[in-house]
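Fold and contact review
Given next are the chains, with one letter for each unit.
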Amino acid sequence: MALTQRLEFRQSQSLVMTPQLMQAIKLLQLSNLDLTTFVEEELERNPLLERASDEGPAGEAPAEAGSYGDSDGQGDGQGEDGFGGGAEGFEPGQEEWMSKDLGTRAEIEQTLDTGLDNVFSEEPAEAAARNAQDAAPTTYTEWGGGASGTEDYNLEAFVAAETTLSDHLAEQLAVAFTAPAQRMIGQYLIDLVDEAGYLPADLGQAAERLGASQADVEGVLAVLQKFDPPGVFARNLSECLAIQLRELDRYDPAMQALVEHLDLLAKRDIVALRKICGVDDEDIADMIGEIRRLNPKPGMKFGSARLQTMVPDVYVRPGPDGGWHVELNSDTLPRVLVNQTYYSELSKKVGKDGDKSYFTDALQNATWLVRALDQRARTILKVATEIVRQQDGFFTHGVAHLRPLNLKAVADAIQMHESTVSRVTANKYMATNRGTFELKYFFTASIASADGGEAHSAEAVRHHIKQLIDSEEPSAILSDDTIVERLRASGIDIARRTVAKYREAMRIPSSVQRRRDKQSALGNVLSTALSDRSRNPEPA
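We now turn to the structure provided with this report. (Residues numbered from 1 in each chain as written. Predicted model: local features only at pLDDT ≥ 70, side-chain atom pairs only at ≥ 80, totals over all residues. Heavy atoms only, no water.)

Note that the residue after aspartate 228, namely proline 229, is joined by a cis bond; omega there is 5 degrees. In this fold, proline 229 is placed in the loop between α11 (214-224) and α12 (237-247). For phenylalanine 233, which is not glycine, the phi torsion reads 70 degrees and is therefore positive. With respect to the helices and strands, the residue phenylalanine 233 is situated in the loop between α11 and α12. Take phenylalanine 233: its relative accessible area is 0%, and that puts it in the buried class. Here the phi dihedral of arginine 507 falls at roughly 60 degrees; this positive angle occurs in a residue that is not glycine. Examined against the element boundaries, arginine 507 turns out to sit in the loop between α24 (496-505) and α25 (511-535). (Helix = DSSP H or I, 4+ residues; strand = E, 2+ residues; numbered from the N terminus. Buried < 20%, exposed > 50% of the residue type's maximum accessible area, 1.4 Å probe, protein only.)

Here it is as structure tokens:
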């Protein structure tokens, strides 16, 4: 087969992802806080971008201030300085007198027929300084510590820093130990404490890394466990509760046995606990009450990671026609404009090709960002409106009427791709009459109907299971099989393992554990009622 050369034309189509298109896709999935940060960075980077505001151009006075000054000048005959006339208000004789040379000091004293000290007892600068010192402050700022009227004033600068658990423990460490080696061990253990106040279970690696013996580490730890808050530096829950009980002088042998068998307390096996502790029903109830009053996470009351307030991107309100009105939260939308005037001035003055290319690229990026932000807002509104239309039953009647919904149904309705809808619903929240929900909350899997009718939403089925369990009687606890039967009677075809999965996801214990909990709670109520009756017998 001979090798030859030839020219060939071939036509094809391909999608090229430009940097602007990639950035526009990224903007869709940003939350409002991340979007604000991104826009702030672009404002610092691009000189042609500026914030949109209601104020006039820089250098112009507000209209109200201008009209106010004109009215005073016309009514009172005052000039711009507000002291009874401007420069044109001086008479010619006054101007000549001010510009006339008065001569030397001797000539002035001879003219006035007295010394200058008798006429001007103080120098003008000294008199002004003394009057300024004697005058009382006229504003709160002059008293010191007042709020400034400038833009540099920041209220957060006056907020005290929140004390963290590590800082609180370090302050006590400086007082508890004087030896440098013990302080080093103590500081290392403080660094190992998590936000709940617990240490790792094994401290052997800490002793090896510090080059100290295990006895030295245990000795320092024994002192650290007496620090405030009580229960800190524990290695497990039993030790944490034991430290707090020792602080309260309640760690007797019976309480020690109870703390060492917390697994039985979690299972509500009161009979076994009563035998192990060697107490009666009343004492075991009091001991359990004391355990419940302790703090299992003593370090959580100190400063930790600050929770960020959830700001909704979309508001849904009832409309006057019985429908729903969907609108964007304008406070979360950054407002930026392209300064075309500044670009026109620069293009006339800039002569270098490199500078012209830089400002041309800056103009293109600024124009693209404004369009991308507008397109992002429109897309979010379009997706949110379709979600409200699809889930109208939820907004009207509640979670029990939540319909199964997937991304494809919304994408087909608004003629967009599923990936676009997925990016729009990420990190976005909707404020409704039933609370604030993430947009992804409205997308739930479908569960088939038992009678072949319309499918049910998985979230609605979870809500139905929770209602069944909440309404069960202590004497008739519902098993997973019984819940399946009742759901099928309601028209929901669901398997037992699915019920168990939903129940565990909602942190609802099994039927055996629920029976123990409710019977124990019922027994405590009855014992309390009997003890109250024995203390206050009714008169015959």
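Spatially, 4 strands are ordered β3-β2-β5-β6 in an open sheet, and the strand pairing comes out mixed. Strands with a single pairing partner mark the edges of an open sheet, and in this sheet they are β3 (324-328) and β6 (435-438). Averaged over all neighbouring strand pairs, the angle between strand axes comes to 20 degrees, with direction disregarded. Alignment of strand β2 (residues 314-318) against β3, held across 5 bridges, turns out to be antiparallel. Pairing of valine 316 across the sheet is with valine 326, part of β3. (Pairing = 2+ DSSP bridges. Axes fitted to C-alpha atoms, helices over the stretch in contact; angles between N-to-C directions.)

Under the counting rule described, the total for this entry stands at 11 aromatic pairs. Cluster of aromatic residues (ring-pair linked, three or more members): Trp324, Phe394, Phe395, Phe437, Tyr441 and Phe442. Over the ring of tyrosine 315 we find arginine 317; its NZ or CZ atom is 4.8 Å from the centre of that ring. Seen from the ring of tyrosine 502, arginine 462 lies directly overhead, with NZ or CZ sitting 4.5 Å from the centre. (Phe/Tyr/Trp six-rings, centres within 6.5 Å; stacked < 30°, edge-to-face > 60°. Lys NZ or Arg CZ within 6 Å of the ring centre and 35° of its normal.)

A full pass over the atoms with the stated rule returns 19 salt bridges. Note that glutamate 8 is salt-bridged to arginine 6, the shortest N-O span being 3.9 Å. The salt bridge involving lysine 466 is made with aspartate 470; its shortest N-O contact spans 3.0 Å. Linking lysine 466 with aspartate 470, this pair stays in helix α22 (residues 458-470), spanning 4 residues, or about one helical turn. Here lysine 466 falls in the partly exposed class, since its relative accessible area comes to 39%. (Salt bridge = Lys/Arg side-chain N within 4 Å of Asp/Glu carboxyl O.)

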